Every structure is written in structure tokens, then in C-alpha cells.
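Remarks on the overall topology
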Amino acid sequence: MSTKLPTRVLSLLFASALACAPPAARTQTAATPGAQAEEVVRVNSVLVQTDVTVLDKGGRFVEGLKPREVELLVDGKPRPVSFFEAVKAGAPDEEAQLAAARGLRGAAARPLDRGRIFLFMVDDLHISPSSLQRTRETLTRFVDERLGQNDQAAIFTTTGQLGFLSQLTDDKTVLRLAARRLVSRWADARETGEQNPVTESQAFAIERNDRGVIDYFIDRLTRERCTGPQARARGAGTPRARDASTAGACSGASIERLVRARARAIVEQATFTTRNTLASLENVVRTSEPLPGRKVLFLLSEGFHAGIQDSTVTEDMRRVTSLASRVGTVFYSVDARGLRGSTLIREAGEKSTFDGENALAATNSGELGDYQAALQQLASETGGRALLDTNDVLPELGRAVTETSQYYVIAWRHEGEPDRAAKLHRIEVRIKERPELSVRLRRGVATGPVERADDGKEKKEKKEKQKKNEIDEGLMAALKSLYPKQTLPTSVAAGFSDAPGSGPTLTVSIEVDPRALGLEGAAGPVVLDVVGTIVNEAGKTVSDFEQNLTVAQSEQGAARRRVIYNQQVPVKPGLYQVRVAARERSGGAAGSAYQWVEVPDLGKAGLTLSSLFVGEVGAGSSQLSVCADRRFGRGARSGFFVYVYNAARGSAQPDVALQVQLLRDDQPVVTRPLVKIETEGQPDLVRLPYGENLQLGELPAGRYVLQVTAIDRVAKTSVSRSAHFVIE
């Protein structure tokens, strides 16, 4: 399977920037720009589709259903099923199946073993500090225990407090850091300094003109302001003077106005924060539209009051769920409080108004349900469910992952002309003669143009952009994009190493596949603009670079080699993200890619590995050419190189052994015997180099992880590094 590379390969690794040999010809056809095969719900001609989950009594997915067993109702009317097929989320052919349901036969699938996408929306405006620690622990455990080898996740917040860390990634270090940095932005309506604080539920009851609640607070406020110590302190002079000064303020009408004003202020603040939450949620769903396949979004929140009688909030809720149906996003709402009683104000340490006569009992008893109702609505409308009343959320998240791992895609023909304006169609699906089965689906499926809450703002921004250079704008837009752009297939591989006297250095390799440049038949050379930036974990740029590359027609004759560019940047220890973008100048097609890299402090760390540099080895030589896209044909001569730092010394020499494994779906498929690193004659025992060839011809096509573990047999410690690669 492998042979050891001479250690001199390191100098060859960085001495020149050779392109990888091309992989074997791909059987899939690249998707045409603008086809947007990722959407789950779209009108194409007159076909409309949605996804459906069918579960048995044990919560297991029911396989093998046929179209004839399905009864479909759209807006209460029966419709014939035009397409019905089982889909495995994250499977290679998921997108092709979804595209087929829209009538787009022949659409390309994504790379092999693509994995799943999980989005976490932490509603920091509606999570109290006491619940936040549980939220952090839940997110960290999910990343450690539930995120698979090929899965990706992103953590967002309502207020955007995570900034640059809110990005889709498979890097668990980044996700753990994002979870640790979460803080609560919660503002308790009862933190007013009032002797008798009003909760949101009580404020909404007052807004609904609930006389029992109104009279209760009139009585409490009268006692506080007109008969208690505060009232006596406000008076001056004789009792007659005090009576005259308080007579107007203590009238029943005046006190009631104060009660209603206090309630109105609380309701307005609650409405404001709720609309902020829904706006942020809508933005996360909207930006996820280009992502492939079915997405699962976990909304972690203590909920927001369902008693808001505000048409704007109702419209916001409808728009969010409608958008989720378009882009294939399923909501699972998580009550961040955990297991609670029937009310929210009786927990230890929380302020509450004394209610000896139980005048507020009816309002208080329904408070928890009021907050959870919105969470339930968002989940049920999008085909998910609310995860409530549990202190250990992780098992429920695991069940949610299982529930959404398989589904049926169902399509029908839309009657009449396509909707000119956005319209939400109510959907019902039943399994004939099997009432014991439960069907989970989106209650509404939207057709017509995509709605946007900020259309006016976007039109203004679009008009301003037209005044700028559109091609330059496209390049920078690709560089700054939340998710990588692949109109022009672009890849990046970034890794750190440390050299004596120079400290840690990031080596950035960028590849663009020339097959997407249209070299065949081109009138002359093609010019590529390449830009890149290196950003620290705070989102601050520490380095950037740009380069123009000219690709001549003769390049295609050289075995269709990729266009490659390398950059080396000195850095300090820390967490960095490398972002790159490339654009074909004449046509404007652009692509982007990014990668996180953690650079340790070798002066403080113990046993440490450099990044794994993965590439192909030239025939008849030991020269390793780094491949940024890490895609290899089955017959390719691939290899890797790594440095081992800070190995402990024995009597005179370090004693370090390496173990190499190849994993697929988190399971080892190849495990090499331990190999001792030879140190005899090494001039630098702090930096031990090691390289090895990997023969991949025996392995089936798919997505793999190369994992290298260094074992220091003197210090009895070990450390691992890993890198993804694909066999085609």
C-alpha cells in the first residue's frame, strides 16, 4: 500500500509549484451555472415538489413505499402523484433525485460521500444566562459525538455575536471555539427595579384587556405608590400637603394608565426582539439556499411569546417557513431551558410578583406553553418537530438526525399558470390503509417568486453595484461569500510548518481546473485573476495576496494539468482561515474556497505535528506535488509529508513511531503497521521529517480521511493530524 519517501522530499515540496496530474475522467457532467439544482422546492414548468418523512410507531423510517400507496392533497384537493422516490440525505445521488423530481433529468450529483449539513441557530436574545451553559455543552457534544466524517456544521446567533466563526465547516476545532464563545444577550422584562415586576405573559394579558390581571396590578401599584413608604417619602410638609400632591396620581384612572403603559413597553420590546430573531433566522435560511440537498436547522431558544397580536410577526413567521420549504430546510426547535415546570417564574432565584390570592394563576400556568408554541409552529410547518422538556438534548438531536437521514421526495403538477406572486399551498399526505404510520412534512409549499423582507434595500444595493466594475465585484463577492462558489472549480490547501529561524509558515496552494476555462477553441490565452486573504479568528486580515495567471492553449496539451499558484506567509501561533478566489477575466466566471488552519505555539506545546501535505508523486522520482483539491485517480501515485516537532529525547535520540490510517465514514479501512522515524544523521532533532507514498489502486472510489498519529515512546504521548481526500 505504501513506501517510505526520502526526507529530501521536503525541499522539493516547497521548491517549485508543480500541478497535480489529472484524476481519471469523471463520469458526472458538471452542472451548468445558474441551474441551481440544490433547491428542494421549485416550479420547473409545472412540477412542484416537497420532501416527506414516513415513520412507524417506533419512530423508524418506513422504506419501500410506492406512489400508488400515497394520497396527496393540495389546498384540500386530491392531486395525482407525478414523482415519488426514496432519498438518503447526504448520499451522492441525492441532488440528482431532487432534480429529477423537478423534471431536470441528467443533473449532476455532488462529490462522492458528500455528507450532511447541520445549521445551528442560537437565539441569544431569548436564552437566559442560566440556560446558556447547557446550550454550549449540547453544541460541543454534538460536534464531538454526532458530526460524521463528511458532515459540515455552522453555528449562527440572532445578534451575530460569533462574527467570523459563523461559517459552514467540518473543522471541529472551529465549531468548539464558536460554542465556547457564546454569551447571552437576554434582557429580562422583570429587571426593571419595580417592586412588582410584570412578566411578558402578564403584559400580553393586560394588552388583551384581561381585567383580572389589570385589577391585580392596579391594586399592587396603588399600595406601592400611594400607601407605602415610597408614597410617604414623596409627600412633603403636612399630611394635608401630601394628600394634595398624591390625590391625582393615586386615582384609579391614573394608576390604570401606568399599568397599561408598563405593559405596552414590555410588549413592544418583546415584539422587537422577536422580529429580530425571525429576521436572523430568515437570513440564515436564505443564505443556505446554494447548499446542496436537505438541510437540518436546529433552533436553540427559550422561545418567544406566542400571544403577540402583531400582524408583522405573523407575516415574519409565514415568510420564514415559506422560505424554508423552498430551500429544503427542516427546523428542529430546541427549548434551551430544559425540563421545567408548568410556569416560568417560579424557579429559584427568579424575580416574581407575590400572588397570594392566585389572581395571576391562569396567566402564569399557561406561560410555558405560550413560549413553546412558537417553537412548535416553526418546527411543524417545516416538517420537523420541537424538542421540549428534557435536560439531555443530545439523544433527541441524534433521533432528529436519524429521522431526517432518509425521506421521500414527492412531486405533482401545478394546475394552471405558475404563480406570479408568492403563494403558500397547504399540503397533506396520507398513506392509504396504514393509519398507524405518521407522516411528517411541510404544511405549506411555496410557489412563485421568492419573497424578501428587504426587497427595497436589495434593489438599491443592486443599482449601486451596477456602477462598479462587475467583474471585479464578482471576484470579491466570491472571496467574501459565506459559502464557497464553484462556478469556476477552485480549491485551496493550506498547511503550516516550522523552520529554524523563521518560525511558523503557512503554505497556501490554489488550484483551478482548466477544463472549466474553455481553452479548447479559445482565440488566445486565458487570464486568471487570483486573490487570497488570511484572516485570524477575530476576522482581522493578517495577510493578503493577488496574482494574475496566463493560461495558454498549449497547457491543455500537457495532460490537461491544473492551473496552480502557491503562496507562503509567515504567521504567529493562532487559528486562521485562508480564503481564496479565482476569476476568468474575459467571461467573469468565479470560484472560491476556504480552509481553517490552527498553528500551535511550538515553544509551549509538547509533541506536535505539522499539517499533512498531500499530493502526487512524479513517476520515477520522489518529488511530491501538493494537490489543493486532493482528488486522485485510482492509479495515481499519491503521498504525504509531515513534520514531527518537540519529540522527547531518550538517552540521546528521540523514539517516535508513526501509524498511518485511511478512514471512510469514520471507520478505518486501512491501518498500516507502526513505522519508526529514523533519526540517525538528522541535523535537527526538534523537527523530524517523514514522507510516504500511498498506493490507492485497491480502494473503491469515495471520500476518505488520511490520519497520521505520532507516538512518542519516550514521553508516552501521542498526537494526530488528518486530511480529507477523494478517490475518483
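See the structure shown above.
A brief structural summary. For every chain, the first residue of its written sequence is number 1, and the numbers climb from 1 along that sequence. Where local features are concerned, this predicted model is filtered to residues with pLDDT of at least 70; where side-chain atom pairs are given and counted, the filter is 80 or more; whole-chain, interface and lining totals use all residues. Only hydrogens and water are set aside; all other atoms, that is, all heavy atoms of the structure, feed into the side-chain values.

**Let's talk about the overall build of the protein**
Helix and strand content of the protein: 16 helices and 32 strands. Each residue is placed in one exposure class: buried if its accessible area under a 1.4 Å probe, protein chains only, is under 20% of its type's maximum, exposed if it is over 50%, and partly exposed if it falls in between. Looking at the protein as a whole, 51% of its 728 residues are labelled buried. Taking the intrachain contacts of the protein between residues at least 6 apart in sequence as the baseline, contacts between residues at least 24 apart amount to 75%. Going along the chain from the N terminus, every DSSP run of H or I of four or more residues is numbered as a helix, and every run of E of two or more is numbered as a strand. Here, two residues are considered to be in contact whenever any of their heavy atoms come within 4.5 Å of each other.

**Concerning the pattern of salt bridges**
For this document, the term salt bridge refers to a Lys or Arg side-chain nitrogen within 4 Å of an Asp or Glu carboxyl oxygen. On inspection of all chains with the given rule, the structure shows 35 salt bridges. Between Arg264 and Glu268 there is a salt bridge, and its shortest N-O distance comes to 3.2 Å. Placement of both Arg264 and Glu268 in helix H9 (residues 252–287) is noted, with a separation of 4 residues, approximately one turn of the helix. Among the ionic contacts, a cluster of salt bridges with common partners joins Arg275, Glu282, Arg286, Asp316 and Arg319.

**Regarding empty space enclosed by the protein**
Residues are called lining when one of their atoms sits within 4 Å of a cavity or pocket point, these points coming from a 1 Å grid over the protein atoms alone, where a cavity is a set in which a 1.4 Å probe fits but cannot get out and a pocket is an open set with protein on both sides within 12 Å along at least five of seven lines. Grid points are joined across faces, edges and corners, and a volume is the space filled by probe spheres set on the points. Overall, the coordinates contain 7 cavities of 30 Å³ or more when judged by the stated rule. The wall of the largest cavity is formed by Ala493, Ala494, Gly495, Thr507, Ser509, Ser611, Leu612, Phe613, Val614, Val626 and Arg630. Within the residue set of the lining of the largest cavity, elements represented by two or more residues are strand S15 (490–499), strand S16 (503–512) and strand S23 (613–617). Counting residues per element, the lining of the largest cavity draws most heavily on S15, at 3 residues. Classifying every residue of the lining of the largest cavity by side-chain character gives 6 nonpolar, 4 polar and 1 charged. All amino acids are sorted into three groups, where Ala, Val, Leu, Ile, Met, Phe, Trp, Tyr, Cys and Pro are nonpolar, Asp, Glu, Lys and Arg are charged, and the leftover types, Gly among them, are polar.

**So, helix H4 (residues 172–180)**
In an α-helix, one turn spans 3.6 residues, which is why side chains three or four residues apart end up on the same side. Every buried residue of H4 is accounted for by Val174, Leu175, Leu177, Ala178 and Ala179. Looking at the buried residues of H4, the elements they touch are helix H3 (129–145), strand S7 (152–157), strand S20 (574–584) and strand S21 (590–599). In protein, a polar contact means a hydrogen-donor-capable atom and an acceptor-capable atom, both N or O and within 3.5 Å, with residues adjacent in sequence counting only if both atoms are side-chain atoms; elsewhere, any N or O pair within 3.5 Å suffices. At the N-terminal boundary of H4, the capping side chain belongs to Asp171, with an oxygen 2.9 Å from the backbone nitrogen of Thr173.

**A few points about the sheet that holds strand S9 (residues 329–335)**
DSSP-based pairing: two strands are paired if at least 2 bridges between them are found. Pairing within the open sheet is parallel, and its 5 strands lie in the order S7-S6-S8-S9-S10. Strands with a single pairing partner mark the edges of an open sheet, and in this sheet they are S7 and strand S10 (386–387). Alignment of strand S8 (residues 295–301) against S9, held across 7 bridges, turns out to be parallel. If you follow Val296 over to S9, its bridge partner there is Val330.

**Thoughts on the packing of aromatic side chains**
Any two rings among Phe, Tyr and Trp, with Trp reduced to its six-membered ring, count as a pair given centres within 6.5 Å; such a pair is stacked if its planes are under 30 degrees apart, edge-to-face if over 60, and tilted if neither. As enumerated under the stated definition, the model contains 16 aromatic pairs in all. On the numbers, 5.2 Å between centres and 25° between planes, the contact of Phe120 with Phe298 is stacked. Taken as a pair, Phe120 in strand S6 (residues 117–122) and Phe298 in strand S8 lie far apart in primary sequence, 178 residues in all. For Phe298, a relative accessible area of 0% gives the class buried. Measuring from ring centre to ring centre gives 5.8 Å for Phe641 and Tyr643, while their planes differ by 90°; the resulting arrangement is edge-to-face. Each member of the pair, Phe641 as well as Tyr643, is classed as buried. Ring pairs connect the aromatic residues Phe118, Phe120, Phe142, Phe298 and Tyr332, which therefore count as one cluster. Charge-over-ring contacts are defined here by two conditions on Lys NZ or Arg CZ: a distance within 6 Å of the ring centre and an angle within 35 degrees of the ring normal. In this structure, Arg337 is placed above the aromatic ring of Tyr371, and the distance from its NZ or CZ to the ring centre is 5.1 Å.

**Topic: the nonpolar core**
What we call a nonpolar core is a set of buried Ala, Val, Leu, Ile, Met, Phe, Trp, Tyr and Cys residues that are connected through their side-chain atoms within 4.5 Å. In terms of nonpolar packing, the biggest core is built from 36 residues, with Phe118, Phe120, Leu139, Phe142, Ile155, Phe298 and Leu397 touching the most fellow members. Per-element tally for this core: the top contributor is H4, with 5 residues. Excluding anything up to four places from it in sequence, Leu139 contacts Phe120, Val122, Ile155, Ala179, Leu182 and Leu300. The next biggest cluster of nonpolar side chains, apart from the first, holds 34 residues, and it includes Leu506, Ile510, Ala593 and Leu602.

**As for the state of the cysteines**
Disulfide: a pair of cysteine sulfur atoms within 2.5 Å of each other. Using the criterion set out here, one finds 1 disulfide in the structure. Sulfur-sulfur distance for the disulfide between Cys226 and Cys250 comes to 1.9 Å. Handedness of the Cys226-Cys250 disulfide follows from its S-S torsion of about -110°: it is left-handed. Of the two residues, Cys226 is situated in helix H6 (residues 211–227) and Cys250 in the loop between helix H8 (239–246) and H9; the sequence distance between them amounts to 24 residues. Residue Cys250 is classed as partly exposed on the basis of its relative accessible area, which comes to 23%.

**Concerning the side chain of Ser201**
Mapped onto the elements of the fold, Ser201 is located in helix H5 (residues 200–207). Given a relative accessible area of 2%, Ser201 falls into the buried group. Not counting chain neighbours up to four residues away, the residues in contact with Ser201 comprise His305, Thr363, Glu367, Asp370 and Tyr371.

**Thoughts on the packing of H9 against helix H10 (residues 311–327)**
Two elements in contact, H9 and H10, have axes separated by 10 Å at closest approach and are oriented at 15°. As far as their axial angle goes, H10 and H9 are roughly parallel. Along this stretch, H9 crosses H10, giving a crossing that reads as left-handed. For the pair H9 and H10, contact is made by Thr271, Thr274, Arg275, Leu278, Leu281, Glu282, Val285 and Arg286 and by Thr312, Val313, Asp316, Met317, Arg319, Val320, Leu323, Ala324 and Val327, respectively. A fitted line through C-alpha atoms serves as each axis, taken over the contacting stretch for helices, and the angle formed by two N-to-C directions is quoted from 0 to 180°. Roughly parallel means an angle under 35 degrees; roughly antiparallel, over 145; roughly perpendicular, 65 to 115; everything else is oblique. Working rule for handedness: look at the near helix, and if it is turned counterclockwise from the far one by less than a right angle, call the crossing left-handed; if clockwise, right-handed.

**Quick word on the pairing of strand S30 (residues 687–695)**
Most of S30 sits out of view: 8 of its 9 residues are buried. One ladder, built from 9 bridges, connects strand S26 (residues 637–645) with S30; its direction is antiparallel. For Val644, the partnering residue across the bridge sits in S30 and is Leu688.

**Points about the sheet that holds S15**
Strand order in this open sheet of 3 strands is S15-S16-S19, and the pairing throughout is antiparallel. Lying at the two open borders of the sheet, with one neighbouring strand each, are S15 and strand S19 (563–570). Direction aside, the axes of adjacent strands within the sheet are offset by 20° on average. With 10 bridges connecting them, S15 and S16 associate as antiparallel partners. Paired with Ala499 across the strands is Gly503, a residue of S16.

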